[in-house]
Every structure is written in structure tokens, then in C-alpha cells.
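Fold and geometry: a report
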Amino acid sequence: MEKAAKEAEKLRKIQEEADRKAERKAAREAEKEAKKEAARQKAEKKKAASRRKTHPISAAKKCSTGNAAVHKGRDAEKAKKVKEKQISAQQSIPYREMAKDGICRVQDKYYSKTIRFYDINYQLAQNEDKNAIFENWCDFLNYFDSTIHFQLSFVNHHSNMKEFESIIQIKPQNDDFDDVRMEYAQMLKNQLAKGNNGLVRTKYITFGIEADNIREAKPKLERIEADILNNFKVLGVSAYPLNGEERLQVLYETFNPEEKTPFKFSYDNVLRTGMGTKDFIAPTSFVFKNGKDFQMGDTLGAASYLQILAPELTDKMLAEFLDMDRNLMVNLHIQSLDQMKAIKLVKSKVTDINRMKIEEQKKAVRSGYDMDIIPSDLNTYGGEAKRLLEDLQSRNERMFLVTVLFLNVP
């Protein structure tokens, strides 16, 4: 055993000596390489110094020319960015083409149409009639699947009072009843003066689909249009589709609320003048300084986003907004979710709520109070989520993502 230990110790010493020799050799090689590199750098510095001494003027010229080129490039880049930001009023209107039949190519592969519809007497109806109307309205909304994007627009805008006066004007007939006609016409004028101050309320539904081209989009849009008109008929609502000129008039009145000149447009003028449809509806300018306020021509306006955190909404909410005596546009952007995606989304929310409940119960146990006492919001949201999941799974209901926008133009 002692002999083996001595042999091992001897081998270890020999190995250590070999390692030290290798390290010394590597250090000498590294020192040589460092000296060579220092000599090379010193020679390059001498060459550079000799060049500067020989051609001082040319070197200065090259330096100044290079700096000028750099500054010029930066200025050109800044000017390009500013030019890209400064787009025209026509370019700010987000659609590509408006066809004569009312089909609008909003984006390369997105097409839309618009239908105008009128009121029904819902608020004064009996409760049974209200329930029937509401059920039919739910069926109307459930028609839209995830492939159809649609938007409900409710527009309050001031119209020209002279147009109203010309409509209610009764011409004399040169008979014994002219006095009655004059009295009745005056009564209508008085009612008009006391009424809505020339405020016109219009309602539209705009629906759109994705398609590769207009040939593919047109039959789909016409089929959806026919179905929507039939659903409105079931509701007892009058409705009709807008053609291209009527849709452009709606846009003109939206972009130019203070303009007294009536909208004049013809597709023949587009062909004759070479102008685009946007040239007939665009205001003089758009100014967007921040995310809320904006300016269209001489008109100032503001757009507001409404976030509703209530489990239930009264059926009078929208009517109360529209009863305001001012220029106002309310847009409801509605997108139906695919049924499987909607169920998956609600299930994930239910799981999140259950996990939050467990965390609250653990806190309660650690703090020494009853674990059944949890925040009331969790109970409320949990119950609502479970009822929504049940409606989606058993009652064939749809889930919609809704964004409400208010456009206020004083």
C-alpha cells in the first residue's frame, strides 16, 4: 500500500511539472504576440500621421464633405417623415371606392352596404307587445354570425329649416277655405318652432363581409341585405337599402355639419371631371391633435368611448341619449363571436373567477376568519358568467363584442 501511494505521489509531481512548463510556454507565446500587435499599431499610427502632414487640406475637405452628406441625409429623412404624416383630407377618409349600387370597398378585401330603417312605437306599446318586439329583435341580432361585421348608427343632425317650412307650406286655392288653410299652416309652423328645432333623427345598419373581389362580394351582400330586410319586416319596421349617392350624402352631412350648401353629386360628374367620390364629401381639412378632440373644417368635435360594466341595461338608455337636442352620432360596432370561441372564452373566465375565489378562501383561513366570506364582486361575476355559459350552451344564444362610440359635434 505504501509503495502504491509513493508511485501515485511521484506521478502527480511529474504531471504538475509538465503543466507548469506548458503554462510558461503559453505565456511566452502570448507575450510575443502582444509585442507584434503593439509594433503593428505603432507603424499604422506613423503612416496615418504622415498622411495628415502631407495632405492637410484634402483631409479637411473630406471631413467637411462627409459631415455635410450626413446632415443632408438626416434632413431628407426628416422631410420624408413629415411629408408622410401630412396627408390630405380625402386620404383621411377610410374607404377605397363607392359604387353606384351602394357597395363600398372599404379595404382591399372588405366590402359593405348600408340600410336605412325607421322607428316603431316601442315605448308606448303594451308589455306583451314589448316582449314580442324584444324577442324578435334578439332573433334579428342572432342572425349575424362571426363572418358578418355590422354597425348600428343613430344620427341626430340639424336640417335646413327652410326645407321643413316648404314641406308644410299650404298654398291658397282662392276659395272660401283659404282662411282655414292659412290658420292650419300657421299652427304647423308654430309646432315646428316648438318642436325639435329642425333636428332630424336617422338610423342605419351597415354590414360588411370579407371577399377576394367585388364579384364574390356582391351576391353575398345582396343575400344578407334581403335577409335583413325580411327581419325588419317581421319587426314591423320600414327599411330600404341606400345606393352609392345616398351613402355619400350621409358622409357629406357627417363631415360638413355646418355647411349650408346642399349635397350635389352625380356619378356622371365623376366620369366627366376625373375627380373621386371623396372630393365631393371631404371637408376643407381634418385636424387630429389628440385622441379625443378633432376638427373638421371649421367644426370642432369630440369622440367618446363608452365602457359599460353593468350586467343589465335599460331599454330606454339609447332613446335617452338620442333625445338630446344636439348634433350627435351614436355608433354601435358589433361583432359576433364564433360559438366555440365564445364558449371557450367564457369557460376561461369562469376558471379565473374560481381561482380567485380559492385565493380569497386561502387568505381567509390564514387570517383566521370564515372562508365563506369572499368579496361580493366575485359572487356576482361568477353567477353572471355561469348564466352566460348556460345560455351559450343550451339556448343557442350568441356572444357579441360591442363598442359604443359617441361623436359629438356642437
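Residues numbered from 1 in each chain as written. Predicted model: local features only at pLDDT ≥ 70, side-chain atom pairs only at ≥ 80, totals over all residues. Heavy atoms only, no water.

Focus: the overall build of the protein
Across its full length, the protein holds 13 helices and eleven strands. For the protein, with 410 residues in total, the buried portion stands at 26%. The long-range fraction of contacts in the protein, counting pairs at least 24 apart against all pairs at least 6 apart in sequence, stands at 74%. (Helix = DSSP H or I, 4+ residues; strand = E, 2+ residues; numbered from the N terminus. Buried < 20%, exposed > 50% of the residue type's maximum accessible area, 1.4 Å probe, protein only. Contact = heavy atoms within 4.5 Å.)

Quick notes on the pattern of salt bridges
Applying the stated criterion across every chain yields a total of 14 salt bridges. Arginine 96 is the salt-bridge partner of aspartate 108, the closest N and O atoms lying 2.5 Å from each other. Here aspartate 108 is found in the loop between strand E2 (104–107) and strand E3 (110–117), whereas its partner arginine 96 is found in the loop between helix H3 (89–92) and strand E1 (97–98), with twelve residues between them in sequence. In this structure, arginine 387 and glutamate 384 form a salt bridge, with 2.8 Å as the shortest nitrogen-oxygen distance. Taken together, the residues arginine 387 and glutamate 384, both in helix H13 (residues 376–394) and three residues apart, mark about one turn of the helix. (Salt bridge = Lys/Arg side-chain N within 4 Å of Asp/Glu carboxyl O.)

Observations concerning the pairing of E2
Pairing of E1 with E2 involves two bridges; the strand directions are antiparallel. If you follow glutamate 97 over to E2, its bridge partner there is arginine 105. Adjacent in sequence and paired antiparallel, E1 and E2 are bridged by five residues, among which glycine 102 carries a positive phi angle near 100 degrees. In this structure, E2 lies alongside E3, joined through three bridges in antiparallel fashion. Bridge pairing in E3 links cysteine 104 to serine 112. The antiparallel pairing of E2 with E3 creates a hairpin that spans two residues between the two strands. (Pairing = 2+ DSSP bridges.)

What to know about the layout of surface pockets
The method is simple in principle: a probe with the dimensions of a water molecule rolls over the atoms, and the space it marks as empty is what remains. Approximately 1200 Å³ is the volume found for the second largest pocket. For the second largest pocket, the lining is made up of 39 residues, of which Pro94, Gln151, Leu251, Asn331 and His333 are closest to its centre. Of all the secondary structure elements, the ones that give two or more residues to the lining of the second largest pocket are E2, E3, strand E4 (149–158), strand E5 (199–210), helix H8 (244–255), strand E8 (293–296), strand E10 (328–336) and strand E11 (400–408). Looking at the lining of the second largest pocket residue by residue, the classes come out as 26 nonpolar, twelve polar and one charged. (1 Å grid on protein atoms, 1.4 Å probe; cavity = no way out; pocket = protein on both sides within 12 Å on 5 of 7 lines; lining within 4 Å. Points joined across faces, edges and corners; volume = space filled by probe spheres on them. Nonpolar A, V, L, I, M, F, W, Y, C, P; charged D, E, K, R; others polar.)

Here we look at the packing of helix H12 (residues 339–367) against H13
Here H12 crosses H13 at 155 degrees, and the two axes come no closer than 9 Å. Viewed along their axes, H12 and H13 adopt a mutual orientation that is roughly antiparallel. Pair H12 / H13 crosses with left-handed handedness. When H12 is examined against H13, the residues Gln339, Ala342, Ile343, Val346, Lys347, Val350, Ile353, Met356, Lys357 and Glu360 are found in contact with a partner set consisting of Leu378, Asn379, Tyr381, Gly382, Ala385, Lys386, Leu388, Leu389, Leu392 and Gln393. Of the residues that constitute the contact of H12 with H13, the class distribution is twelve nonpolar, four polar and four charged. (Axes fitted to C-alpha atoms, helices over the stretch in contact; angles between N-to-C directions. Parallel < 35°, antiparallel > 145°, perpendicular 65-115°, else oblique. Left-handed = near helix turned anticlockwise from the far one by under 90°.)

Brief notes about the side chain of lysine 113
With respect to the helices, strands and loops of the structure, lysine 113 is situated in strand E3. Given the relative accessible area of 7%, lysine 113 is considered buried. At 2.6 Å, the side chain of lysine 113 and the side chain of glutamate 225 are in polar contact. Those residues in contact with lysine 113, other than ones at most four positions away along the chain, are Asp101, Gly102, Ile103, Ile205, Thr206, Phe207, Leu221, Glu225 and Arg247. (Polar contact = N/O pair within 3.5 Å; in protein donor to acceptor, adjacent residues only side chain to side chain.)

Here we look at helix H7 (residues 214–235)
With 22 residues, H7 extends 31 Å between its outermost C-alpha atoms, agreeing within 8% with the 32 Å of an ideal straight helix rising 1.5 Å per residue. Among all positions of H7, only Ala217, Leu221, Ile224, Glu225, Ile228, Phe232 and Leu235 are buried. Looking down the long axis of H7, one finds its buried residues gathered within 115 degrees of arc, a one-sided arrangement. Exposed residues pointing more than 90 degrees away from the buried face of H7 are listed as Arg215, Lys233 and Val234. Of the residues flanking the start of H7, the one acting as N-cap is asparagine 213, its side-chain oxygen 3.2 Å from the backbone nitrogen of arginine 215. Count one or two residues on from H7 and you reach glycine 236, which has phi positive near 80 degrees. (Expected span 1.5 Å × (residues − 1). Arc of directions from axis to C-beta.)

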